[in-house]
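# Results of the structural survey
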Amino acid sequence: MAVGLAITSEGGQDYNGKITSFVVLSCIVAATGGLIFGYDLGISGGVTSMEPFLEKFFPKVYRKMKEDTHISNYCKFDSQLLTSFTSSLYIAGLIASLFASSVTRAFGRRASILVGGAAFLAGSALGGAALNIYMLIFGRVLLGVGIGFANQAMPLYLSEMAPPRHRGAFNIGYELCTAIGILGASLINYGTQKIKGGWGWRISLAMAAVPALILTLGALFLPETPNSIIQRSNDLQKAKQMLQRIRGTDDVEAEFDDLIKASSIAKTINHPFKKITQRKYRPQLVMAILIPFFVQVTGINVIGFYAPVLFRTIKLSESTSLLMSAVVTGGIGTLSTIISMILVDKLGRKVLFLVGGIQMLSAQVMIGSIMENQLGDQGGFSKGNAYLILVLICVYVAGFAVSWGPLGFLVPSEIFPLEIRSAGQSINVAVGLLFTFLIAQTFLAMLCHFKAGIFFFFGGWVVVMTTFVHFFLPETKNVPIEQMDKVWGEHWFWKKIVGEISEESKIQEAI
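Quick caveat, the model's predicted, so the values are computed rather than measured.

### Considering the overall build of the protein
Scanning the protein for helices and strands turns up 26 helices and two strands. Classification of the 511 residues of the protein by burial places 60% in the buried group. Pairs at least 24 residues apart make up 80% of the contacts formed inside the protein by residues separated by at least 6 positions. Entry remark: accessible area of the protein is about 18600 Å², with carbon and sulfur atoms responsible for 66%.

Pasting the structure below:
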């Protein structure tokens, strides 16, 4: 089955091709890697709010929550050991993502996806069987290795396999699977916390093996991308045959010529991490650092990691907090991500960034104002105010899932030229995981000290990032991935940095 259409770039040459069942199935399998990331995001916050889990591994937090009636509502869960449980995964993922660059470049995208799935599988087994805090955190480290490899390879795989006119929708499939993973994890937490005997948290942690198994088995059957085949083996015939297969046509000369040109440059690069610091790659490097940083300071971790904790803070029961977490971070996120998939290749990336930023900012200001005026340190909410906060959180999550959630993966994965693509994506993932680690490690302390001001703190960052995108991010929709250099040379600001660089001059400079 194939849907016929001409794949045309804006301001570029036509690429022939169709949306084939082969490329759709390949991208679906690759996108399921988002399940492991989403499952962890959903499971960690729910498990850390389960009383049997806290009593076994974090008794000081449990006693503080149960016995100290004078402690601030914002400080009940402030524990460096508790946040280490969550954040150890992300520092491990940061280190793993840097190693993943070499694996992806030398052995292909599929190899990194396989390593990621296997590591996540081992980590889920350790977490479910944990007898002490050391086993628990070591399991988290293995999960981090899995996420580091998977996040480095899968967005690249999706962007290279997808037709240019539909690259946004295909790539956002990864974020859609992340949202589904969050929803599934939250619902599992809701069910396991009701298990008598207090061992339900083991099921929650061990069930991470399910998405890991799906990814690992699926990766065994994934084809390698034509871009990677040319870069690694220079087998032009094999690469052309794969390109013809995924595009559903024999006439792929225009796209194939661009791949060969990109590969000829990439093969001259021996040290891509050093190369990416050169002036001509400055816009891509800036985006690789700032976009993942901005994603983390949207404030989504306030909702994502600790949504159940927040719901407990506003006086909802353990059972209700877990259910609300499932509905908000999972259901709303999934629906909004689907909307983003539909709109991203029609309206473009910048429109979604701007609309989502305004929506998130509005919700954060209102939530912070209500909590500042109503909750206090020992106070509580009326039922009306509590549910108003839940509605505003829904508005916030919807804004994030339409914009920074999926686009934070999409835009970095499509802007790097082949010669620095693997290194650039590793930097993008490493920066994201670094700031995920820092936010996760400091959020509960920040909540304790900033109190309701935490929402204004992140709201200020949303203003900064929305302004940055408006002025400094060029539109990338419909631009073929191997012609992406053109958007920087035409941008009002970046053209002053990179100038007009021809393919020939790039080859000479690369030598």
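After that view of the structure, there is still more to cover.
### Observations concerning the pattern of salt bridges
This structure, assessed with the given rule, holds 10 salt bridges. Between R421 and E160 there is a salt bridge, with the nearest N and O atoms lying 2.8 Å from each other. Taken as a pair, R421 in helix α22 (residues 418–450) and E160 in helix α7 (residues 133–161) lie far apart in primary sequence, 261 residues in all. One continuous salt-bridge network, built from bridges that share partners, spans R109, E160, R421 and E482.

### A closer look at unusual backbone geometry
Within the chain, N478 stands out as a residue other than glycine whose phi angle is a positive 70°. Looking at the secondary structure, you find N478 in the loop between α23 (453–472) and α24 (485–489).

### Focus: the nonpolar core
Generally speaking, soluble globular proteins have nonpolar side chains that are buried together. Counting residues in each nonpolar core, the largest one holds 65 residues, and the members touching the most others are F53, F57, F58, L136 and L205. Among the elements that make up this core, the one with the highest residue count is α7 (10 residues). Core analysis: the next-biggest nonpolar cluster, separate from the first, contains 56 residues, F294, F353, F400 and V498 among them.

### A short note on the environment of T298
By secondary structure assignment, the location of T298 is in the loop between α15 (282–296) and α16 (300–304). As a C-alpha pair, T298 and M360 span 62 residues in sequence and 8.0 Å in three-dimensional space. Excluding its chain neighbours within four sequence positions, the residues that come into contact with T298 are M360, Q364, Y396, F400, W404, F458, V462 and M465. Of the polar contacts made by the side chain of T298, one reaches the backbone nitrogen of I300; its length is 3.3 Å.

### Considerations on helix α10 (residues 209–219)
Where α10 is concerned, the buried positions are P211, A212, L215, T216, G218 and A219. Elements in contact with the buried residues of α10: α1 (21–31), α2 (33–47), α6 (109–129) and α7.

Definitions and limits used
- Residues numbered from 1 in each chain as written.
- Predicted model: local features only at pLDDT ≥ 70, side-chain atom pairs only at ≥ 80, totals over all residues.
- Heavy atoms only, no water.
- Helix = DSSP H or I, 4+ residues; strand = E, 2+ residues; numbered from the N terminus.
- Buried < 20%, exposed > 50% of the residue type's maximum accessible area, 1.4 Å probe, protein only.
- Contact = heavy atoms within 4.5 Å.
- Areas by Shrake-Rupley, 256 points an atom, 1.4 Å probe, with all protein chains shown as cover.
- Salt bridge = Lys/Arg side-chain N within 4 Å of Asp/Glu carboxyl O.
- Core = buried A, V, L, I, M, F, W, Y, C linked by side-chain atoms within 4.5 Å.
- Polar contact = N/O pair within 3.5 Å; in protein donor to acceptor, adjacent residues only side chain to side chain.

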